[in-house]
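# Descriptive structure summary
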Amino acid sequence: MKTVILKLKRFLDGLFEDPLKLVDDVTDSSGLPVVPDQKTGDPIWVDVREIRMRYTIPIKGVYPYIDSLRKGRLAAAKCRSCGKIYFPPQKDCPRCRVSDMEVHYLSPEGELVTWTVINVKPLSFMHHKDYVVGIVRLRDGINVLAWIDIDDPAKLDVGVRMRLVVDKRPDENYITYWFKPA
Amino acid sequence: MRNVAIVGVGISRYGYRSDSNLAELAWEAINEALNDAGAGVEDIDTYIVGNTGVWSSEPLPAVVIGEYAGLQPKNGIRVEAACATGLAATRTGYSLIASGEADVVLVVGVEKMNESTTPQVVELIGRAGNYFWEFENFGLTFPGYYAMYATAYMKRYGATEEDLCMVAVKNHHYASLNPKAHFQKRITVEECMSSRYVAWPIKLYDSSPITDGAAALILASEDVAGKFTDSPIWIRSWGYANGTSNLSRRSDFIGFESTVVASRMAYRRAGIDPDNPVKFFDVVTVHDAFTIAEIIGMGDLGLAKRGEEYKLVREEQTYIGGLIPVNVDGGLKGKGHPIGATGVGMIVDLVKQLQQRADKGRQAPISKGMALAHNVGGTGHYVFTAVLSVDKP
Ligand SMILES: [Zn+2]
């Protein structure tokens, strides 16, 4: 369990273990995977099949920008023909209809535009404490959405100066990026 | 292009429907719509199913529902546009008739969200934006996306969490008068204010619930509408637009450009003054997935001045008897938000409003004969607007 990948798998396995054990017992004793609905008592057939989805996402077209995270830099794509900066980066410029992009390292400094605190988390983030997500307008004029590392979100305000960090996220142990108050 | 009429409407009870599967729930609405139109399945040329799925077990809902409803071998397909699936499906049904391809089309929106656990649904809706850049690393949620609009709007214009709660109070009030609504109880601002945060500053009571439900329409060409009803409601115009998938690619967070574009398209096509649409409508639905969505939606639609939307709410101008009645079916907040059914359910209620057969206590006065439906997918990712009228265009 070096990174979030196996850590999350075991967390989810643990989460579903007890409820499924109950269904397993009921199925074994009654012959059918039918249990009463927890709220209404209506008979519910609990799916005996489980589907596990983990996507494999091609990144060849944006590899230079992903790879730059290893160098501690967040990179956008800049069209060599028209100069437009794309973040998130993309391989093609639909304005010019050409695919000639260069790596444009984004300024690590910016100002907070808006934010929220995620109190009720998605299943795959339930192993985290409440986290702050914000959108920061960087000096380049580019907006970046990321977590904000701050103990007390009440200290945040529109226009608060932020600094980008590119590093391994603690606990999850893969490289991503977040903001800290500057 | 031919004119298209709505000649029958039906809606299931919205709520936690552990008693019904997807096809049974769809049939509940289809059967009511067929009865309303005095039609049978043999009258249907083709059908459209609005369903987002993923949380429910059937991957081919149009086929499953077609078989259950006795429609096979008639053709039907699923249309999907996130939470705007309902109006997107209705627009597709409309186009089939307007183009001359079909005379009578059944549109049914249906969602069985409670086939999955709440944390799973939170995960799946949280992915509705740009998965790779905004969910994979940052775990956003549906209220989280809207919360970023709420924060920016409140900071800029001085609206408070109490103002947001007043939207919830109004919509629960009308839901309590709607026997098909998910929530049957009124709430107070205090109850709303003391509910827990789901994505600060959005609280549980600011949020539409996870709902199962279905709604259906029978659409007919002007050539055959008279066969079904003497009082059809006409689809006057459509408007539609999309927003960026990445929220970071938007410039400010005080409104949806997609709603502005979509509504102006619908207004232009219906001859409605975009500077004063309020004077054209008796009643409107504004997509209130969260209370902030109703507030910014009113500004985007031109129903209130930008930055002053919440003042109309404070002054109770969006109740019946006020400047413009908004979401008098209970809205997504009170009636419920069964994703694929929501937009269709809006049309069902606006048709009943225009025909002056809404439930007791929530019938808006009808004098102008026009209504507006506004259905948003995701966080301004898709927007559909429809203008309905009593008079034939
Ligand atoms: Zn270019």
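The preceding data block contains the structure.
Fair warning: this is a prediction, and the values are worked out from it, not measured in the lab. Chains are numbered independently. Their residues run from 1 in the order of the written sequence. Chain labels run from A onward and ligand labels from 1 onward, assigned in the order the entries are written. With the structure being a predicted model, the display of local features is reserved for residues of pLDDT at least 70 and the display and counting of side-chain atom pairs for 80 or more, all residues being used for whole-chain, interface and lining totals. For side-chain calculations, the full set of non-hydrogen atoms in the structure is used, while hydrogens and water are omitted.

## So, the coordination of the zinc ion
All names here are of chain A. Listed donors are limited to N, O and S atoms within 2.8 Å of the metal, widened to 3.2 Å for Na, K and Ca; water is not among them, so incomplete-looking sites are possible. Distances from the zinc ion to its protein donors, namely C79 (SG), C82 (SG), C93 (SG) and C96 (SG), fall within the range 2.2 to 2.3 Å. The rule is simple: four donors are tetrahedral if all their angles sit between 85 and 135 degrees, four are square planar and six octahedral if opposite donors span more than 155 degrees and the others lie between 65 and 115, and anything that fits none of that is irregular. For the zinc ion, the four donor atoms in the first shell make angles of 100 to 114° at the metal, so the coordination geometry reads as tetrahedral. Read N to C, the donor residues that coordinate the zinc ion are spaced as C-x2-C-x10-C-x2-C. One end of the pair, C79, is in strand β3 (residues 75-79); the other, C96, is in the loop between β4 (85-86) and β5 (101-105), and 17 residues separate them in sequence. A run of DSSP states H or I qualifies as a helix once it reaches four residues; a run of E qualifies as a strand once it reaches two. Both are numbered from the N-terminal end.

## Here we look at the packing of aromatic side chains
Put simply, two rings from Phe, Tyr or Trp (the six-membered ring, in Trp's case) pair if the centres are within 6.5 Å, and we call them stacked under 30 degrees between planes, edge-to-face over 60, tilted for the rest. All chains considered together, the criterion is met by 22 aromatic pairs over all chains. Residues Y153 of chain B and Y157 of chain B carry aromatic rings whose centres are separated by 5.1 Å and whose planes lie at 55° to one another, so their mutual orientation is tilted. Placement of the pair is Y153 of chain B and Y157 of chain B together in helix α6 (residues 142-157), with a separation of four residues, close to one helical turn. Summary of the burial criterion: residues with accessible area below 20% of their type's maximum are buried, those above 50% are exposed, and those between are partly exposed, where the area comes from a 1.4 Å probe applied to protein chains only. By relative accessible area, which is 22% here, Y157 of chain B ends up partly exposed. Feature note: the residues Y55, F125, Y131 and W147 of chain A together with Y131 and F135 of chain B constitute an aromatic cluster, connected by ring pairs. Any Lys NZ or Arg CZ that is within 6 Å of a ring centre and within 35 degrees of that ring's normal is treated as a charge sitting over the ring. The ring of W147 of chain A has R169 of chain A lying over it, and the distance from NZ or CZ to the ring centre is 3.8 Å.

## Some details on helix α1 (residues 22-37) of chain B
Every α-helical turn comprises 3.6 residues, leaving residues that sit three or four positions apart pointing alike. Residues and elements named next belong to chain B. An expected span of 1.5 Å times one less than the residue number is assigned to each helix. Counted at 1.5 Å a residue, the expected span for α1 with its 16 residues is 22 Å, and the 23 Å between its end C-alpha atoms agrees. Taken together, the buried positions of α1 are occupied by L22, A23, L25, A26, A29, I30, A33, L34 and A37. Taken down its axis, α1 places every buried residue within 170° of arc, on the same side. Note on definitions: a residue-residue contact is assigned when non-hydrogen atoms from the two residues lie within 4.5 Å. Here the buried face of α1 lies against β1 (4-11), α2 (61-68), β4 (104-112) and β7 (212-221). With a side-chain oxygen positioned 3.1 Å from the backbone nitrogen of A23, the residue opening α1 is N21. What the arc describes is the spread of directions from the helix axis to the C-beta atoms. Pairs of N or O atoms are called polar contacts if they sit within 3.5 Å, as long as, within protein, a hydrogen donor faces a hydrogen acceptor (for residues adjacent in sequence, only side-chain-to-side-chain pairs).

## Notes on the packing of α6 of chain B against helix α10 (residues 291-300) of chain B
All names here are of chain B. Look at α6 against α10: their axes get within 9 Å of each other, and the N-to-C directions meet at 60°. Between α6 and α10, the interaxial angle falls into the category oblique. α10 is crossed by α6, and the crossing has left-handed handedness. Between α6 and α10, the contacting residues are Y146, Y149, A150 and Y153 on the first element and I292, A293, I295 and I296 on the second. Throughout this entry, Asp, Glu, Lys and Arg are counted as charged residues, while Ala, Val, Leu, Ile, Met, Phe, Trp, Tyr, Cys and Pro are counted as nonpolar. The remaining residues, Gly among them, count as polar. Here the contact of α6 with α10 is composed, by residue class, of eight nonpolar, no polar and no charged. A fitted line through C-alpha atoms represents every axis, and for helices the fit uses only the stretch in contact; the resulting angles, taken between N-to-C directions, go from 0 to 180 degrees. Here the angle decides the label: under 35 degrees means roughly parallel, over 145 means roughly antiparallel, 65 to 115 means roughly perpendicular, and every other value means oblique. Each crossing gets its hand from how the near helix is turned against the far one by less than a right angle, where anticlockwise is left-handed and clockwise is right-handed.

## Here's the deal with the pairing of strand β8 (residues 143-148) of chain A
Residues and elements named next belong to chain A. The buried count for β8 comes to six of six residues, which makes it a mostly enclosed element. In this description, strands pair whenever DSSP reports at least two bridges between them. Between the antiparallel neighbours strand β7 (residues 131-138) and β8 lie four residues, among them G141 with a positive phi of about 90°. In this structure, β8 lies alongside strand β10 (residues 175-181), joined through two bridges in parallel fashion. Pairing of I148 across the sheet is with F179, part of β10.

## Quick word on the pairing of β3 of chain A
A regular strand places its side chains so that they alternate between the two faces of the sheet. Residue and element names in this part refer to chain A. Extensive coverage of β3 is indicated by the burial of four of its five residues. As defined by bridge partners, β3 adjoins β5 across five bridges and the pair is classed as antiparallel. Across the sheet, the residue bridging to K78 is E102, located in β5. Alignment of β3 against β4, held across two bridges, turns out to be antiparallel. Counterpart to A77 in the pairing with β4 is Y86. The loop that links β3 with its antiparallel partner β4 comprises five residues; one of these, G83, has a positive phi angle of about 85°.

## Let's talk about the packing of helix α7 (residues 161-175) of chain B against α10 of chain B
Packed helix pairs are specified by the crossing angle of their axes together with the interaxial distance, meaning the distance between the axes. Residue and element names in this part refer to chain B. Relative orientation of the contacting elements α7 and α10 amounts to 100°, with a least axis distance of 8 Å. It follows from the interaxial angle that α7 and α10 lie roughly perpendicular. Of the residues in α10, those in contact with D163, L164, V167, A168, K170 and N171 of α7 are T291, I292, E294 and I295. When its residues are assigned to classes, the contact of α7 with α10 shows five nonpolar, two polar and three charged.

## Some points on the state of the cysteines
Residue and element names in this part refer to chain B. The disulfide definition used here is simple: a pair of cysteine sulfur atoms within 2.5 Å. Applying the stated criterion to the full structure yields one disulfide over all chains. Disulfide pairing is shown between C165 and C192; the S-S distance is 2.1 Å. Looking along the S-S bond of the C165-C192 disulfide, the torsion reads about -75°, which is the left-handed sense. Placement of the pair is C165 in helix α7 and C192 in helix α8 (residues 189-193), with a sequence separation of 27 residues. Residue classification places C165 among the buried residues on the basis of a relative accessible area of 0%.

## Looking at the nonpolar core
Core analysis: the largest hydrophobic core is formed by 102 residues, its most contacted members being Y177 of chain A together with Y146 of chain B. The leading source of residues in this core is α6 of chain B, at ten residues. Ignoring sequence-local partners within four residues, the contact set of Y146 of chain B consists of I202, F256, H287, A289, F290, I292, A293, V376, G378, T379 and G380 of chain B. Residue types Ala, Val, Leu, Ile, Met, Phe, Trp, Tyr and Cys, when buried and joined through side-chain atoms within 4.5 Å, form a set referred to as a nonpolar core. Counting 47 residues, the second-largest nonpolar core is a separate cluster that includes A98, C165, L350 and V351 of chain B.

## Quick word on the sheet that holds strand β2 (residues 46-50) of chain B
Residue and element names in this part refer to chain B. The strand order β3-β2-β4-β7-β1-β8-β11-β10-β9 describes an open sheet built from nine strands, whose pairing is mixed. One side of each edge strand has no neighbouring strand; the edge strands of this open sheet are β3 (76-79) and β9 (283-284). In this sheet, strand β11 (residues 382-389) lies alongside strand β8 (residues 233-242) in antiparallel orientation, the contact comprising eight bridges. Looking at the pairing, A241 lines up with V383 of β11.

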